[in-house]
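# Architecture and fold: a report
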Amino acid sequence: MINERFVEYFRENFFQNTPEELERFLSSIELSIPRTIRIKPWKEEQVKKNLEWDGWILTPTNINRVFSMDRQEDFDPLERRLGFSSDHLLGNFYIQELAAAHPVDILSDSQINTESFLILDMAASPGGKTTQLAEYFPNSFIIANEPTRERLPQLLQNLERMGCANIGITLYPGQLYRHQEELFDRILLDAPCSGEWTLFKGTDAVKHWHLKNIKEIARLQTKLLDAALHTLKVGGEMIYSTCSLNLLENEWVLEAMREKYGNAFEILFQKKFWPHIDKTGGFFVAKIRKNKSLEKNTNQKNIEEKVWKKSESKFQITYN
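Presented here is an overview of the structure given in this document. (Residues numbered from 1 in each chain as written. Predicted model: local features only at pLDDT ≥ 70, side-chain atom pairs only at ≥ 80, totals over all residues. Heavy atoms only, no water.)

## Some remarks on the overall build of the protein chain
- Within the protein chain, the regular secondary structure consists of eleven helices and eleven strands.
- Here the protein chain holds 320 residues, and 53% of them are scored as buried.
- Counting only contacts in the protein chain whose residues sit at least 6 apart along the sequence, the fraction spanning at least 24 positions is 75%. (Helix = DSSP H or I, 4+ residues; strand = E, 2+ residues; numbered from the N terminus. Buried < 20%, exposed > 50% of the residue type's maximum accessible area, 1.4 Å probe, protein only. Contact = heavy atoms within 4.5 Å.)

The following block contains the structure:
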């Protein structure tokens, strides 16, 4: 169920002059999206052969080793559940939504990088992007940080199943990493968000959508991105991503940091994945490079509040 606040916000901010596109957007976010899997490097041909023999049709996507899955006509879902296949249980592939596979692919420039980096995944569970980092950066060491203890078992299970040996786990609020100045070569911040795109999963993310709640989430995201920029090395690169489409959790968060730190960083790439255009879940991805050390701010809280008010006014968000 989509509430009127959500509809009005997106009408005013994105589809004010295109009512037909708004209808396409609203219709698309409740539709099922194609199931996709990410196959482990060097396992591609064997996994494809096994799954096709088992009744699956694999179609390449725009990401290497990520395939859209469909079923043959005589497919029996009770006998051939994808998660129960031997290759899944052996960790030869990960069931991962296509849009969610983009952040790590963009961070690595769509290539397997053999350099030795220290990498931080700031919000790691359930582990899809963490295991993807391990595949794209096989000679790096990855810190998988999960701030919520209850989410650790799923992360541990997926890391073990996928056979990831180059990963260590921490259990901290991501904001604390701001005190580890310029430590990491690469960072993935797939930030906690309102989850607007998860409506197709049957969640209530849009049913209770309210701008007040979005603002609170955006404040947390801003603190996390601030911490990530502090702990990123000069010359290092990072990804900021969310599974939301509103301005506050995405463009606003980047703008807040730009207002705060100026040209200390630059945005190398930015894209918003729209369900009705890209045929994926809604998603936002930005790739950032840190150009110089951040200036120290003695009154952090007041600066953040001023940036919030300035950014809020700039985007002219009027629907409360």
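## A word on the sheet that holds strand β5 (residues 118-121)
- Across the sheet, which stays open at both edges, the seven strands sit in the order β7-β6-β5-β8-β9-β11-β10 with mixed pairing between neighbours. Edge positions in the sheet fall to β7 (167-170) and β10 (265-273), since each of these pairs with one other strand and no more. Going from strand to strand, the sheet's axes swing by 15° on average, the running direction of each strand aside.
- Pairing of strand β9 (residues 232-242) with strand β11 (residues 283-290) involves six bridges; the strand directions are antiparallel. Each residue of the ladder has a partner; that of Y240, found in β11, is A286.
- Sitting on the sheet, helix α8 (residues 211-231) is in contact with β5, β8 (184-190), β9, β10 and β11, with an inclination near 155° to β9. (Pairing = 2+ DSSP bridges. Axes fitted to C-alpha atoms, helices over the stretch in contact; angles between N-to-C directions.)

## Looking at the environment of L133
- In this fold, L133 is placed in helix α6 (residues 128-136).
- Separated by 34 residues in sequence, L133 and I167 place their C-alpha atoms 9.5 Å apart.
- Ignoring any residue separated from it by four or fewer positions in sequence, one finds L133 in contact with V104, L107, I119, D121, I142 and L188.

## Re the sheet that holds strand β2 (residues 56-60)
- Taking strand neighbours across the sheet as the criterion, the four strands line up as β2-β3-β1-β4 in an open arrangement whose pairing is antiparallel. Looking along the sheet, the strands with just one partner apiece sit at the ends: β2 and β4 (93-95). Pairwise comparison of adjacent strand axes, ignoring direction, gives a mean angle of 35° for this sheet.
- Pairing analysis gives three bridges linking strand β1 (residues 35-39) to β4, with the strands arranged antiparallel.

## A short note on the pattern of salt bridges
- Using the criterion set out here, one finds 18 salt bridges in the structure.
- A salt bridge links E237 to R289; its shortest N-O distance comes to 3.3 Å. Pair noted here: E237 is in strand β9 and R289 is in strand β11, with a separation of 52 residues, a long-range link.
- R289 gets classed as partly exposed once you look at its relative accessible area, which sits at 29%.
- In this structure, D278 and K271 form a salt bridge, with 3.4 Å as the shortest nitrogen-oxygen distance. (Salt bridge = Lys/Arg side-chain N within 4 Å of Asp/Glu carboxyl O.)

## Quick notes on α6
- Of all nine residues in α6, nine are buried, a share of seventy percent or more.
- Buried residues of α6: G128, K129, T130, T131, Q132, L133, A134, E135 and Y136, and no others.

## So, the side chain of T131
- Inspection of the secondary structure puts T131 in helix α6.
- Engagement of the side chain of T131 in a polar contact is seen with the side chain of R38, the distance being 2.9 Å.
- Not counting residues up to four positions away in its chain, the partners in contact with T131 are R38, Y94, N158, L159, M162 and C164. (Polar contact = N/O pair within 3.5 Å; in protein donor to acceptor, adjacent residues only side chain to side chain.)

## Some remarks on the layout of surface pockets
- By volume, the second largest pocket is sized at about 190 Å³.
- As for the second largest pocket, its lining consists of 13 residues, of which K40, A134, E135, M162 and G163 are closest to the centre.
- Of the residues in the lining of the second largest pocket, the class split is seven nonpolar, three polar and three charged. (1 Å grid on protein atoms, 1.4 Å probe; cavity = no way out; pocket = protein on both sides within 12 Å on 5 of 7 lines; lining within 4 Å. Points joined across faces, edges and corners; volume = space filled by probe spheres on them. Nonpolar A, V, L, I, M, F, W, Y, C, P; charged D, E, K, R; others polar.)

## Overview of the nonpolar core
- Grouped together as the largest cluster of nonpolar side chains are 46 residues, with contacts concentrated most on F25, L189, L225, L229, M238 and Y240.
- Among the secondary structure elements, those contributing two or more residues to this core are α1 (4-13), α2 (19-28), β8, α8, β9, α9 (251-261) and β11.
- Counting residues per element, this core draws most heavily on α8, at eight residues.
- Every residue in contact with L189, bar those within four places of it in the chain, is listed here: M122, L224, L225, A228, M238, I239, Y240 and S241. (Core = buried A, V, L, I, M, F, W, Y, C linked by side-chain atoms within 4.5 Å.)

## Considering the packing of α1 against α2
- The interhelical angle for the contact between α1 and α2, taken along N-to-C directions, is 140°, at an axis separation of 11 Å. When the axis of α1 is compared with that of α2, the two are oblique. The two elements α1 and α2 cross, and the hand of that crossing is right-handed. Residues F6, V7, F10 and R11 of α1 form the contact with α2, whose participating residues are L22, F25 and L26.
- Across the contact of α1 with α2, the residue classes tally to six nonpolar, no polar and one charged. (Parallel < 35°, antiparallel > 145°, perpendicular 65-115°, else oblique. Left-handed = near helix turned anticlockwise from the far one by under 90°.)

Note that all results are geometric; they support no functional claim without further evidence.
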